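Listed here are the chains, written in short residue letters.
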Amino acid sequence: MAQNLAQFPRDYSPAPHRGKGDCLCPVCGMPGLHYLSCDFSKSCNDAFAGEAQFPQADIPVHYWRCIGCSYLFTRFFDHWTPEDYARHIYNEAYLRADPPADGSRCRALSDALLNCLPRDCSFLDYGCGEGYVVERLRRAGYDAEGYDPYFGDWADVPERRFDCILCVEVLEHLAEPLALPPILERLLKPGGTIILTTLLTDYATQSNNWYLSPRNGHVGAHSEKSLAMLFPGIRHVSPATHTIGDNNNALDIDRLGRLVTTAVGTGPCHGQ
Ligand SMILES: [Zn+2]
């Protein structure tokens, strides 16, 4: 790993001693204050397993806290290509960084969706991975599609609109977060719902800032304010919920409207 990464410039990430202009917030454009530095090899699973899951890469990654919207972010990945991500992040060792990506997260999620989605709801899983949720909903008779640039079967963005878009654990991986809302809006039917999950800063910073982990490809952790800047129409934010379908946080369609609520936020990108 360290050898592979050595081909990246060592100054890929702005160092703390540089000027504020090197670490402007990719959400609101305000400066960031240095928050922490860690090694590229730090993974979310280090905190759960109780030990480092990857050898030290000797490549520092700096995270910053925006003084405007409190988004916690790194600019380390700013110039990475999809090939860089495929080689160094979403590779054969990725499950060590994120064990629930093996399907357990998707099983709980699809159970929750099947309990609440109306039968006539068209559905898109944006960032669908291997497509577990899509296949499960299709088997249940739903009009379901998926998109994920890192999985060949799902690499094409659909050219139609959907009643419901699921975007689970995607936002924290985006070096250009501002690019996502217009894409989702283009894919959403008027009045449709986006179910969006990402862990917010109060929880991301627990356990040695476990969520700020470069080896997972985690570019940042959102505050409620930065999330609301990206999605002005967001409703039903549930900061304490991480995985939809876990324990008591099943989706409740009757309480929250025609479609569903979410772990973090839902609603059209702009307005209601
Ligand atoms: Zn900001």
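Residues numbered from 1 in each chain as written. Predicted model: local features only at pLDDT ≥ 70, side-chain atom pairs only at ≥ 80, totals over all residues.

## Re the overall build of the protein chain
Okay, so step 1: Looking only at helices and strands, the protein chain features eleven helices and eight strands.
Okay, so step 2: Sorting the 272 residues of the protein chain into buried and exposed places 44% on the buried side. (Helix = DSSP H or I, 4+ residues; strand = E, 2+ residues; numbered from the N terminus. Buried ≥ 20, exposed ≤ 12 C-beta atoms within 10 Å, placed from the backbone.)

## A word on the environment of D125
Okay, so step 1: Among the secondary structure elements, D125 is positioned in strand 4 (residues 122–126).
Okay, so step 2: Classification of D125 as buried rests on a count of 31 C-beta atoms within 10 Å.
Okay, so step 3: In contact with D125, not counting residues within four places along its chain, are V133, V134, G146 and L166. (Contact = placed C-beta atoms within 7 Å.)

## Observations concerning the sheet that holds strand 5 (residues 143–147)
Each strand in a sheet pairs with its neighbour through backbone hydrogen bonds, running either in the same direction (parallel) or in the opposite one (antiparallel).
Okay, so step 1: Pairing in this open sheet of four strands is parallel, and the strands run 5-4-6-7 from one edge to the other. At either margin of the open sheet sits one strand with a lone partner, and together these are strand 5 and strand 7 (188–197). Looking at each pair of strands side by side, their axes are set apart by 20° on average, direction ignored.
Okay, so step 2: As paired strands, strand 6 (residues 162–168) and strand 7 are joined by six bridges and run parallel to one another. Along strand 7, the bridge assignment pairs F162 with L188. (Pairing = 2+ DSSP bridges. Axes fitted to C-alpha atoms, helices over the stretch in contact; angles between N-to-C directions.)

## A closer look at the environment of V27
Okay, so step 1: Position of V27 among the secondary structure elements: in the loop between helix 1 (2–5) and strand 1 (32–39).
Okay, so step 2: Along the backbone, V27 and L227 are 200 residues apart, and their C-alpha atoms lie at a distance of 8.9 Å.
Okay, so step 3: Once residues within four sequence positions are removed from consideration, V27 is found in contact with C66, C69, Y71, P177, L178, S226, M229 and L230.

## Topic: helix 5 (residues 104–114)
Okay, so step 1: Taken together, the buried positions of helix 5 are R105, C106, L109, S110, A112 and L113. All buried residues of helix 5 fall inside an arc of 160° around its axis, so they share one side.
Okay, so step 2: Considering only its buried residues, helix 5 is in contact with helix 6 (132–139) and strand 6. (Arc of directions from axis to C-beta.)

## Here we look at helix 6
Okay, so step 1: Restricting attention to buried positions, one finds in helix 6 the residues V133, V134 and L137. On an axial view of helix 6, the arc spanned by its buried residues comes to 100°, and they lie on one face.
Okay, so step 2: Packing partners of the buried residues in helix 6 comprise helix 5, strand 4, strand 5 and strand 6.
Okay, so step 3: One or two residues past the end of helix 6 sits G141, with phi positive at roughly 100°.

## Observations concerning the sheet that holds strand 8 (residues 220–221)
Okay, so step 1: Across the sheet, four strands lie side by side as 1-2-3-8; this open sheet has antiparallel pairing. Strands with a single pairing partner mark the edges of an open sheet, and in this sheet they are strand 1 and strand 8.
Okay, so step 2: Across two bridges, the pairing between strand 2 (residues 60–66) and strand 3 (residues 72–73) is antiparallel. Along strand 3, the bridge assignment pairs R65 with L72.

## Some thoughts on the pairing of strand 7
Okay, so step 1: A large share of strand 7 lies buried, amounting to seven of its ten residues.
Okay, so step 2: What joins strand 6 to strand 7 is helix 7 (residues 180–187), and the crossover it makes is right-handed. (Right-handed = clockwise from strand over helix to strand, strands pointing away.)

## Quick notes on the confidence of the model for the protein chain
Detailed reading of the predicted coordinates is not advisable wherever pLDDT falls low.
Okay, so step 1: For the protein chain, per-residue confidence averages 81 on the pLDDT scale, and residues scoring 70 or more make up 78% of the total.
Okay, so step 2: The secondary structure element of the protein chain with the lowest average pLDDT is helix 11 (residues 253–256), at 37, and the one with the highest is strand 5, at 97.
Okay, so step 3: Taken together, the stretch residues 9–21 has pLDDT below 50 and engages in 16 contacts with residues farther than four places along the chain or on a different chain.
Okay, so step 4: The model gives residues 252–272 a pLDDT under 50, and that stretch makes 71 contacts with residues more than four places away or in other chains. (pLDDT = per-residue confidence, 0-100.)

## Regarding the packing of helix 5 against helix 6
Okay, so step 1: It is the contact of helix 5 with helix 6, at a shortest axis distance of 9 Å, that shows an interaxial angle of 35°. Where helix 5 crosses over helix 6, the handedness of that crossing is right-handed. Mapping the contact onto sequence places C106, L109, S110 and L113 in helix 5 and Y132, V133, R136 and L137 in helix 6.
Okay, so step 2: Here the contact of helix 5 with helix 6 is built from residues that sort into six nonpolar, one polar and one charged. (Left-handed = near helix turned anticlockwise from the far one by under 90°. Nonpolar A, V, L, I, M, F, W, Y, C, P; charged D, E, K, R; others polar.)

## Some details on the environment of I183
Okay, so step 1: Note that I183 resides in helix 7.
Okay, so step 2: Linking I183 and V157, residues 26 residues apart in sequence, is a C-alpha distance of 9.7 Å.

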